Amino acid sequence: VGAEVGLLSLAFLRCGYALGQDTALTRGLTLGMGARIRVATVQVRVDYAIIPLGELGGMQHNIQFGFAFEPAPKPAPDIPGAGGQALPAAGTPAKP
């Protein structure tokens with residue numbers, strides 16, 4: 001069971017509890033955070049989590065990196081009047 005809170009879709013804080021792990025509350029509690037950054041057409045994601053190891057003691061630290069590549073945007077079609085091109089005057093035949 002867990003929850004996540006995001007800030008402007010850039011930074012995230014996470015908290016959860018692993019059910020059935022141990023009876024002590026701190027044994028099943030997990031914490032994490034993440035960040036997501038877009039650079040040109042690449043989305044970069046970094047996640048960190050800390051997970052207690054229960055009866056073994058100690059903590060497990062997870063770090064994850066992710067990359068998503070998106071295609072470059074397609075150029076706009078060449079439309080008369082777009083991009084600084086003048087439209088023909090009224091009553092003037094259009095050029096083919």
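Quick note: structure is the one above.
Computed from a predicted structure; not experimentally measured.

### Focus: the pairing of strand β4 (residues 42–52)
With nine bridges connecting them, strand β3 (residues 29–39) and β4 associate as antiparallel partners. The residue bridging Ile37 from the neighbouring strand is Val44, located in β4. Hairpin remark: β3 followed by β4, antiparallel, with two residues in the connecting loop; positive phi at Ala40, about 55°. Sheet topology places β4 next to strand β5 (residues 59–69); 11 bridges connect them, and they run antiparallel. Bridge pairing in β5 links Gln43 to Ala68.

### Focus: a nonpolar patch on the surface
Where nonpolar side chains cluster on the molecular surface, the patch consists of Val46, Ile63, Phe65, Phe67 and Phe69 and spans about 590 Å² of accessible area. The leading source of residues in the nonpolar patch is β5, at four residues. Mapped onto the elements of the fold, Phe65 is located in strand β5.

### Some details on the pattern of salt bridges
Considering all chains together, one arrives at four salt bridges under this definition. In this structure, Arg14 and Glu4 form a salt bridge, with 2.6 Å as the shortest nitrogen-oxygen distance. Of this pair, Arg14 sits in strand β2 (residues 11–17) while Glu4 sits in strand β1 (residues 2–7), and the two are 10 residues apart along the sequence. Here Arg14 falls in the partly exposed class, since its relative accessible area comes to 28%. Taking relative accessible area as the criterion, Glu4 reaches 47% and is therefore assigned partly exposed.

What counts and what doesn't
- Residues numbered from 1 in each chain as written.
- Predicted model: local features only at pLDDT ≥ 70, side-chain atom pairs only at ≥ 80, totals over all residues.
- Heavy atoms only, no water.
- Pairing = 2+ DSSP bridges.
- Helix = DSSP H or I, 4+ residues; strand = E, 2+ residues; numbered from the N terminus.
- Patch = residues over 30% accessible without salt bridge, like charges linked within 9 Å, V, L, I, M, F, W, Y side chains within 5 Å.
- Areas by Shrake-Rupley, 256 points an atom, 1.4 Å probe, with all protein chains shown as cover.
- Salt bridge = Lys/Arg side-chain N within 4 Å of Asp/Glu carboxyl O.
- Buried < 20%, exposed > 50% of the residue type's maximum accessible area, 1.4 Å probe, protein only.

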